[in-house]
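Coordinate inspection notes
The primary structure of each chain is shown beneath.
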Amino acid sequence: MSSVPPVNFTLLLHGGSGRLHPAGTPFPQEADYQRTLAAAAQAGFAVLAGGGSSLAAVETSLRLLEDSPLFNAGRGSVFSHAGLNEMDAALMDGATLQAGAVAGVRTVRNPISAARAVLERSAHVLLTGPGADQFAAEMGLETAPPEWFRTEERWQQLLALQAAEGSPAAPAPPAKYGTVGAVALDQAGHLAAGTSTGGMLNKRYGRVGDSPIIGAGTYANHVCAVSGTGHGEFFIRHAVAHDIAALMEYRGLSVAAAAHRVIHEKVAPAGGRGGVIALDARGHMAMPHSTEGLFWAYVSADGQTGTNVCHMIVE
Ligand code: ASP
């Protein structure tokens, strides 16, 4: 009998932080969010249960969330100031420290798969703009026309924000960050992290957020895997995802303590709102957030009994 403890292989994902509707009001789409998050978590978990890699599991989950119009990633991305969907994504393999990312892509249907192609099939880490789209097309990834990514709800959000710009009675921009991310631990004990987003509503001048910046919105190594969501400029300045990993590796903090410290004691006091999902190499999870809510779902296996336990919570 082996004395090696079983790996608690796990997939944890988020569908963004913030609030989707004013507190105390009905939220008619809640069931749709729950169903979509649960389906994406189950799909990624099935990859792990079949012996697949954490990298493949993360990509599988995030492709489903990108294809859903509910989230700010892929289809359903927010619009830039110029009325375009410009998407960012990153994927990192904690076992090898290989990473791939794309920023400002407009034609690849699944930006997370473009990030995986950069990781596995290029000599680079981060590709941007038309070059990144060209690379994805050359790799044979599916492309999509602008109408695929466009949703009326997002378009109206842009018009409302632009109409309000400069007006003293301007309504606050929607307090919601619908970015998607996933972290996974596979049966080999390897971690991976991925994040995909349309970025911030009304962004200008080719703005790139934290999601495709390795160490800011996305990071994985042998200690932990992290995916963030929130006000990206703060996540870049504080190197959020890497800072959590560093506190764990160098200071011996637990994943919960490290993630709490960075989100609540560093980023929030500086004025940055958001959250992360984080997973350590033993399957321990953390999902601290300084926003009113964070959408997340996970599926974890009890390696000793072989039963799968599915938990799905939308806060
Ligand atoms: N962090 C993303 C960005 O700044 C936004 C989000 O999480 O929704 O681009």
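Residues numbered from 1 in each chain as written. Predicted model: local features only at pLDDT ≥ 70, side-chain atom pairs only at ≥ 80, totals over all residues. Heavy atoms only, no water.

In the nomenclature of an unreviewed UniProt entry, the protein chain corresponds to Isoaspartyl peptidase from the organism Hymenobacter glacialis.

**Some points on empty space enclosed by the protein**
Think of a ball as big as a water molecule: rolled over the atoms, this probe shows where empty space is left. In plain terms, the rule: A cavity, in this analysis, means grid points on a 1 Å lattice covering only the protein atoms where a 1.4 Å probe fits yet has no way out; a pocket is instead an open set bounded by protein on both sides within 12 Å along at least five of seven lines, and a residue lines either one if it has an atom within 4 Å of a point. Grid points are joined across faces, edges and corners, and a volume is the space filled by probe spheres set on the points. Comment: elements are numbered from the N terminus, with helices defined as DSSP H or I runs of at least four residues and strands as E runs of at least two. Here the term charged refers only to Asp, Glu, Lys and Arg, the term nonpolar to Ala, Val, Leu, Ile, Met, Phe, Trp, Tyr, Cys and Pro, and the term polar to all other amino acids, Gly among them.
Applying the stated criterion across every chain yields a total of two cavities of 30 Å³ or more. Its volume calculated, the largest cavity comes out at about 100 Å³. Every residue lining the largest cavity is counted, 16 residues in all, and those nearest its centre are Thr-179, Thr-197, Gly-199, Asp-210 and Gly-230. Per-element tally for the lining of the largest cavity: the top contributor is strand E9 (residues 224-230), with three residues. The class makeup of the residues in the lining of the largest cavity is two nonpolar, eleven polar and three charged.

**Observations regarding the sheet that holds E9**
Where strands meet in a sheet, backbone hydrogen bonds hold them as pairs that are either parallel or antiparallel. Definition in use: Strands were regarded as paired on the criterion that DSSP finds at least two bridges between them.
Across the sheet, which stays open at both edges, the four strands sit in the order E8-E9-E10-E11 with antiparallel pairing between neighbours. The sheet is open, and its two borders are formed by strand E8 (218-220) and strand E11 (285-286), each paired with just one other strand. With seven bridges connecting them, E9 and strand E10 (residues 274-280) associate as antiparallel partners. What sits directly across from Gly-228, in E10, is Val-276.

**Concerning the UniProt feature "active site" (unreviewed entry) in the protein chain**
The following threshold applies: UniProt positions are given in the numbering used here, feature names are shortened, and annotations may be inferred rather than shown by experiment. Classification of residues uses two cut-offs on accessible area relative to the type maximum, computed with a 1.4 Å probe and protein chains only: under 20% is buried, over 50% is exposed, and between them is partly exposed.
The feature "active site" (unreviewed entry), as annotated in UniProt, sits at Thr-179 in this numbering. Mapped onto the elements of the fold, Thr-179 is located in the loop between strand E5 (176-177) and strand E6 (180-185). In this structure Thr-179 comes out as buried when scored by relative accessible area, which is 7%.

**Brief notes about the side chain of Asn-221**
Put simply, the test is: Contacts described as polar in this section are N or O atom pairs within 3.5 Å, which, within protein, must combine one atom able to donate a hydrogen with one able to accept it, while residues neighboring in sequence count only if both atoms come from side chains. Any pair of residues with heavy atoms lying within 4.5 Å of one another is described as a contacting pair.
With respect to the secondary-structure elements, Asn-221 resides in the loop between E8 and E9. Note on Asn-221: relative accessible area 5%, which makes it buried. From its side chain, Asn-221 meets the backbone nitrogen of Val-223 in a polar contact 2.7 Å long. Those residues within four positions of Asn-221 in sequence are excluded, and the remaining contacts are Gly-94, Leu-97, Leu-191, Ala-245 and Glu-249.

**Observations concerning the UniProt feature "binding site: substrate" (unreviewed entry) in the protein chain**
UniProt records the feature "binding site: substrate" (unreviewed entry) for Arg-207, Val-208, Gly-209, Asp-210, Thr-229, Gly-230, His-231 and Gly-232 in the present numbering. Annotated residues from the preceding list that form part of the lining of the largest cavity: these are Arg-207, Gly-209, Asp-210, Thr-229, Gly-230 and Gly-232. Relative to the helices and strands, Arg-207 is located in the loop between strand E7 (191-197) and E8. Residue class for Arg-207 comes out buried when judged on its relative accessible area of 15%. Every residue in contact with Arg-207, bar those within four places of it in the chain, is listed here: Gly-199, Met-200, Gly-232 and Glu-233. One can find Gly-232 in helix H7 (residues 232-237). Once you skip the residues sitting within four places of it in the chain, Gly-232 turns out to touch Arg-207 and Asp-210.

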